[in-house]
Amino acid sequence: MGFEVTAADCHHLSFGLHSKYVTKRVKLPSLRKSPEKYAETLINILKKEKYDYYFPSFEEIFLLSSYRDEILSLTNSVIPLKSDILSLHDKGDLRKTVKLSDSLYPEAFIPENYDHFIKEIRNFETPLYIKIRQSRNSTGLRLVNNLLELRKMFDDVISRNGLKENELPIIQRKIIGKEISYGALAQNGKVIGESQHIGIRSIPRSGGTTTTRESYFCETCSKAAAKFIEGIKWNGFISIDFIIETGTDKAYIIDVNPRPSVCVNVAYHGGVDLIPQWIKIADNTKAEKLPVIRPGIRSSTHFADVIWMLYTYIKGPESWAERKQMRKLWWQERKDVIYDIICKYDRRPRFALNLFLIIQSFKMMFTKIEPSSLFLFYNSYSDSFLKKKK
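Residues numbered from 1 in each chain as written. Predicted model: local features only at pLDDT ≥ 70, side-chain atom pairs only at ≥ 80, totals over all residues. Heavy atoms only, no water.

Peer 1: Let's hear about the overall build of the protein: which residues, and what values?
Peer 2: When you go through the protein residue by residue, the secondary structure sums to 15 helices and 13 strands. Its C-alpha atoms give the protein a radius of gyration of 21 Å, near enough to 21 Å, the size a compact globule of 390 residues would have. Each of the three principal axes of the protein carries a C-alpha extent, and together these read 60 × 45 × 40 Å. Evaluated residue by residue, the protein yields a buried proportion of 52% over its 390 residues. Partitioning the intrachain contacts of the protein with sequence separation of at least 6 by distance along the chain shows that 63% fall at a separation of at least 24. Counting 60 positive and 45 negative side-chain charges, the protein places the centres of these two groups 4 Å from one another. (Helix = DSSP H or I, 4+ residues; strand = E, 2+ residues; numbered from the N terminus. Rg over C-alpha atoms; globule rule 2.2 N^0.38 Å. Buried < 20%, exposed > 50% of the residue type's maximum accessible area, 1.4 Å probe, protein only. Contact = heavy atoms within 4.5 Å. Lys, Arg positive; Asp, Glu negative; His and termini not counted. Charge placed at Lys NZ, Arg CZ, Asp CG, Glu CD.)

In structure tokens, the structure reads:
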């Protein structure tokens, strides 16, 4: 595309910082521990050097929505309003947003406090999910098939994630059907390009964030997403998790991420290049409608998929023999998968990746940190900071 790229991140083992295709590298303060310093440092860089575009690639977009006007005065970008982000990222607010758009959302219980949860516990019907209201990468996600286990699993989510009384998880009915991960680039409520995939492997293994995926196309999912995106007048990247209910073919929205996601990579591998159209949206010019994704192409987030494999050694609902077979298939399927980070022409990111994997594997074995949190620990923003700046 003819651009010089400056990579800015807050962790030394960020893979992108080590790519030979990066013109300049910038180390920022910790997004997790010092979000205000992160934002201030980034804005100072934008003030000192003339950049044509700023592309927020992950959860920094949540933080920087608080500085949206200042950033857009310095460079071109696509950053949603903070109120719009919260209406989608918080699962309690998401339920209201989905209903306002006349879309479908599973029945959900949002406890006012712990006593409220205990009072209602007998009224639930399994299967159901426990979900943290503001989380990423399936952190805190639990599938409950036995009502007798609900309180224990609920307490475990609270303990592991240090949740306060006003941050208790929601209880969501599990819709039986096909789960489809959907991503789109939208301009003023109209879908410009879209990506769909189904999970081959995920963390947790009962269902959650995919580590290996296959591109897919479902007309029902596409129509439901277009309706929702038009209803909220979305601009920029958005990721939506759907379940197409068995028997009714209804598309239920079960989760939304108002930011770029792995769907950008899946789209690219499937012949849908979203970034050039994002640039047009950032320029406030009309973007071009993109073609439908090619189905059947497998890709993987390498570090997440390796941790998936390692985690089969530790525990799981399957027997040891079943997990051994899972690992055998994992090794066999590697040659047919496109890996997002690994490139034979650019080896330094892989070195950083392997070092990262070694460190995180020890944490996985010797701490109680959720495996899904290990991927994004350094690049997750502070929920409390976003609420404070609201």
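Peer 1: Describe the environment of Ala 304, listing the residues and the values that go with them.
Peer 2: Along the chain, Ala 304 turns up in helix H11 (residues 302-311). Taking the C-alpha atoms as reference points, Ala 304 and Arg 201, separated by 103 residues in sequence, lie 9.8 Å from one another.

Peer 1: Before we move on, could you go through unusual backbone geometry and cite the residues and values that matter?
Peer 2: Cis rather than trans, the peptide bond between Thr 126 and Pro 127 has omega equal to 5°. Tracing the sequence through the fold places Pro 127 in the loop between helix H6 (114-120) and strand S4 (128-131). At Asp 102, a position not held by glycine, the phi torsion is positive, near 65°. Within the secondary structure, Asp 102 sits in the loop between helix H5 (91-100) and strand S3 (108-109). On the basis of relative accessible area, Asp 102 is assigned to the exposed category, the value being 56%. One non-glycine residue, Lys 233, lies in the positive phi region at around 55°.

Peer 1: Before we move on, can you summarise empty space enclosed by the protein with the specific residues and values?
Peer 2: A complete count under the given rule lists 2 cavities of 30 Å³ or more for this structure. Taken as a whole, the largest cavity encloses approximately 60 Å³ of empty space. Considering the residues around the largest cavity, the lining is formed by Phe 55, Pro 56, Ile 61, Val 78, Pro 80, Asn 235, Gly 236, Phe 237, Pro 258, Arg 259, Pro 260 and Trp 278. Residues belonging to the lining of the largest cavity are distributed by class as follows: 9 nonpolar, 2 polar and 1 charged. (1 Å grid on protein atoms, 1.4 Å probe; cavity = no way out; pocket = protein on both sides within 12 Å on 5 of 7 lines; lining within 4 Å. Points joined across faces, edges and corners; volume = space filled by probe spheres on them. Nonpolar A, V, L, I, M, F, W, Y, C, P; charged D, E, K, R; others polar.)

Peer 1: Talk me through the pairing of strand S9 (residues 209-215); I want residue IDs and the actual numbers.
Peer 2: In terms of burial, S9 is largely enclosed, as 6 of its 7 residues are buried. Here S9 runs beside strand S12 (residues 298-300); their pairing, made up of 3 bridges, is antiparallel. In the strand pairing of S12, Arg 213 is matched with Ser 299. (Pairing = 2+ DSSP bridges.)

Peer 1: So what about the pattern of salt bridges? Which residues, and what values?
Peer 2: Enumeration over the complete set of coordinates arrives at 17 salt bridges. Arg 68 serves as the salt-bridge partner of Asp 69, at 3.8 Å between the closest nitrogen and oxygen. Assessed through its relative accessible area of 61%, Asp 69 is described here as exposed. Each of Arg 201, Glu 214, Arg 298, Asp 305 and Glu 333 takes part in salt bridges that share partners, so that together they form one network. (Salt bridge = Lys/Arg side-chain N within 4 Å of Asp/Glu carboxyl O.)

Peer 1: Run through the packing of aromatic side chains, naming residues and quoting values.
Peer 2: Counted according to the given criterion, the structure contains 11 aromatic pairs. Residues Tyr 114 and Phe 154 carry aromatic rings whose centres are separated by 6.2 Å and whose planes lie at 45° to one another, so their mutual orientation is tilted. Of the two residues, Tyr 114 is situated in helix H6 and Phe 154 in helix H7 (residues 150-161); the sequence distance between them amounts to 40 residues. An aromatic cluster of three or more residues is present, and its members are Phe 3, Tyr 53, Phe 55, Phe 237 and Trp 278. One cation-aromatic arrangement involves Arg 201 over Trp 308; the distance from NZ or CZ to the ring centre is 5.3 Å. (Phe/Tyr/Trp six-rings, centres within 6.5 Å; stacked < 30°, edge-to-face > 60°. Lys NZ or Arg CZ within 6 Å of the ring centre and 35° of its normal.)

Peer 1: How would you sum up the nonpolar core? Please name residues and give values.
Peer 2: Generally speaking, nonpolar side chains in soluble globular proteins are found buried as a group. Among the nonpolar cores identified, the biggest contains 27 residues, and Tyr 182, Phe 228, Ile 229, Ile 238, Ile 240 and Phe 242 are the most heavily contacted of them. Elements with a minimum of two residues in this core: H5, strand S7 (177-187), strand S8 (190-203), helix H8 (219-232), strand S10 (236-245) and strand S11 (251-257). Tallying contributions element by element places H8 first for this core, with 6 residues. Excluding its chain neighbours within four sequence positions, the residues that come into contact with Ile 238 are Leu 88, Tyr 182, Gly 183, Ala 184, Phe 228, Ile 229, Ile 232, Val 256, Asn 257, Pro 258 and Arg 259. (Core = buried A, V, L, I, M, F, W, Y, C linked by side-chain atoms within 4.5 Å.)

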